[in-house]
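# Residue-level structure breakdown
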Amino acid sequence: MAGATVKPTPLLKDELDIVIPTIRNLDFLEMWRPFFEQYHLIIVQDGDPSKIIKVPEGFDYELYNRNDINRILGPKASCISFKDSACRCFGYMVSKKKYIYTIDDDCFVAKDPSGKDINALEQHIKNLLCPSTPHFFNTLYDPYREGADFVRGYPFSLREGVPTAVSHGLWLNIPDYDAPTQLVKPRERNTRYVDAVLTIPKGTIFPMCGMNLAFNRDLIGPAMYFGLMGDGQPIGRYDDMWAGWCTKVICDHLGLGVKTGLPYIWHSKASNPFVNLKKEYKGIFWQEEIIPFFQSVNLSKECTTVQHCYIELAKQVKDKLSQVDPYFTKLADAMVTWIEAWDELNPSGDDSAKPANGTAK
């Protein structure tokens, strides 16, 4: 058509999938159209599979509901949560791309302090394509960003960094609080835009939020299991936390990096704190024992792939956390089932089954 403008090809257009868990029509994609339209979407429909999910025209997508998950995984579908956004990890498993970006359907485009729309996906890609520095903290934050560098006193032997496996973004407006904090601060909103990206130091675990998250699937994909949550389970809202704890321990072991900070999205609505409390209350107690467990996890040198690490971690979960609650025996078994299902859909020729580019500790 005369006068038509050719859209520039975005970064990693053919190497990245966007995974979205949902129970509703995806009208929110209209706001993201300028940034997402040229990428492939994997939509994981939660809840009633007979419900029709409407996707705006012009997007390239595949949609999986519970019937599809059961058909593709058979008995192993038991490891995928039902009636919980943890089902998103099925999208990670069926993707064939090197990178994944996952976002919730109540997350909108945020604006930076100048009023410009933030291309969250582009910033995540920049984070993933630059090294991380988990072994020594740089006081100017990410030294690879334009306008920054390594500060005086930073060892030259560590300036090469390590491959970045995870980019963890943040949120303006509704913060990602737990139910007790929501209840005592019902009107609190995050208005602070901090222009920084940091590498989370080796040996430090963190609360990973899955609503604005990107990762290198080839490097860490099999560890991004969001656990057993939701329908029939005694806990919810710890799916991304569990994945984050497991992933960070494995990244530390394999010599990979995790970044947090930019980009921001606009989190549009707060979930019901009373419903959240019902989902979280066991986790609030359990995490006081779960976190020391992850802080003390030691993986053997024989664990040179993500899958090997994850299977060994599952054994330790069963040995150490089953005494906290029988749920962890079930979860540990599901972790093994997840890896079996991953390997079936991603045969050993896949890069994710090969040793990571970092070095085991």
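Owing to the predicted nature of the structure, the values given are computational and were not obtained by experimental measurement.

### Points about the UniProt feature "glycosylation site" (unreviewed entry) in the chain
- Under the present numbering, the feature "glycosylation site" (unreviewed entry) in UniProt falls on Arg152.
- Tracing the sequence through the fold places Arg152 in the loop between helix 4 (120-129) and strand 6 (164-173).

### Remarks on the UniProt feature "site: Required for activity" (unreviewed entry) in the chain
- Within this structure's numbering, the places UniProt gives as "site: Required for activity" (unreviewed entry) are Arg152 and Arg159.
- By the secondary structure assignment, Arg159 is in the loop between helix 4 and strand 6.
- Looking at Arg159, its side chain comes within polar contact range of the main-chain oxygen of Tyr154, at 2.9 Å.

### A short note on the environment of Lys259
- If you trace the backbone, Lys259 turns up in strand 9 (residues 257-267).
- Residue classification places Lys259 among the buried positions, given a relative accessible area of 1%.
- Separated by 91 residues in the primary sequence, Lys259 and His168 place their C-alpha atoms 6.0 Å from one another.
- The residues touching Lys259, leaving out its near neighbours within four places in the chain, are Asn127, Cys130, Pro131, Ser132, Asp142, Thr164, Val166, Ser167, His168, Val197, Leu198 and Thr199.
- A polar contact is formed between the side chain of Lys259 and the backbone oxygen of Pro131, at a distance of 2.9 Å.

### Let's talk about the packing of aromatic side chains
- Enumeration according to the criterion identifies 21 aromatic pairs in this entry.
- The interplanar angle of 35° and the centroid separation of 5.0 Å between the aromatic rings of Tyr193 and Tyr264 together place this pair among those described as tilted. Residue Tyr193 is found in the loop between helix 5 (179-184) and strand 7 (197-199), and its partner Tyr264 is found in strand 9; the two are separated by 71 residues along the sequence.
- Judged by centre distance (4.9 Å) and plane angle (20°), the rings of Tyr225 and Trp338 are stacked. Taken together, the residues Tyr225 in the loop between helix 6 (217-220) and helix 7 (239-254) and Trp338 in helix 10 (residues 327-345) connect sequence positions 113 residues apart. You'll find Tyr225 and Trp338 in the same group, each marked buried.

### Regarding the pairing of strand 2 (residues 40-45)
- Within strand 2, six of the six residues are buried, which leaves the element mostly enclosed by the surrounding structure.
- In strand 2, alternate side chains face the same way, and those of His40, Ile42 and Val44 on one face and Leu41, Ile43 and Gln45 on the other are all buried.
- Strand direction decides the pairing type here: strand 1 (residues 16-22) and strand 2, joined by six bridges, are parallel. In the strand pairing of strand 2, Thr22 is matched with Gln45.
- Taken together, the five bridges between strand 2 and strand 3 (residues 60-64) define a ladder with parallel strand orientation. If you follow Ile42 over to strand 3, its bridge partner there is Glu62.

Analysis parameters
Residues numbered from 1 in each chain as written. Predicted model: local features only at pLDDT ≥ 70, side-chain atom pairs only at ≥ 80, totals over all residues. Heavy atoms only, no water. UniProt positions renumbered as here; feature names shortened; annotations may be inferred. Helix = DSSP H or I, 4+ residues; strand = E, 2+ residues; numbered from the N terminus. Polar contact = N/O pair within 3.5 Å; in protein donor to acceptor, adjacent residues only side chain to side chain. Buried < 20%, exposed > 50% of the residue type's maximum accessible area, 1.4 Å probe, protein only. Contact = heavy atoms within 4.5 Å. Phe/Tyr/Trp six-rings, centres within 6.5 Å; stacked < 30°, edge-to-face > 60°. Pairing = 2+ DSSP bridges.

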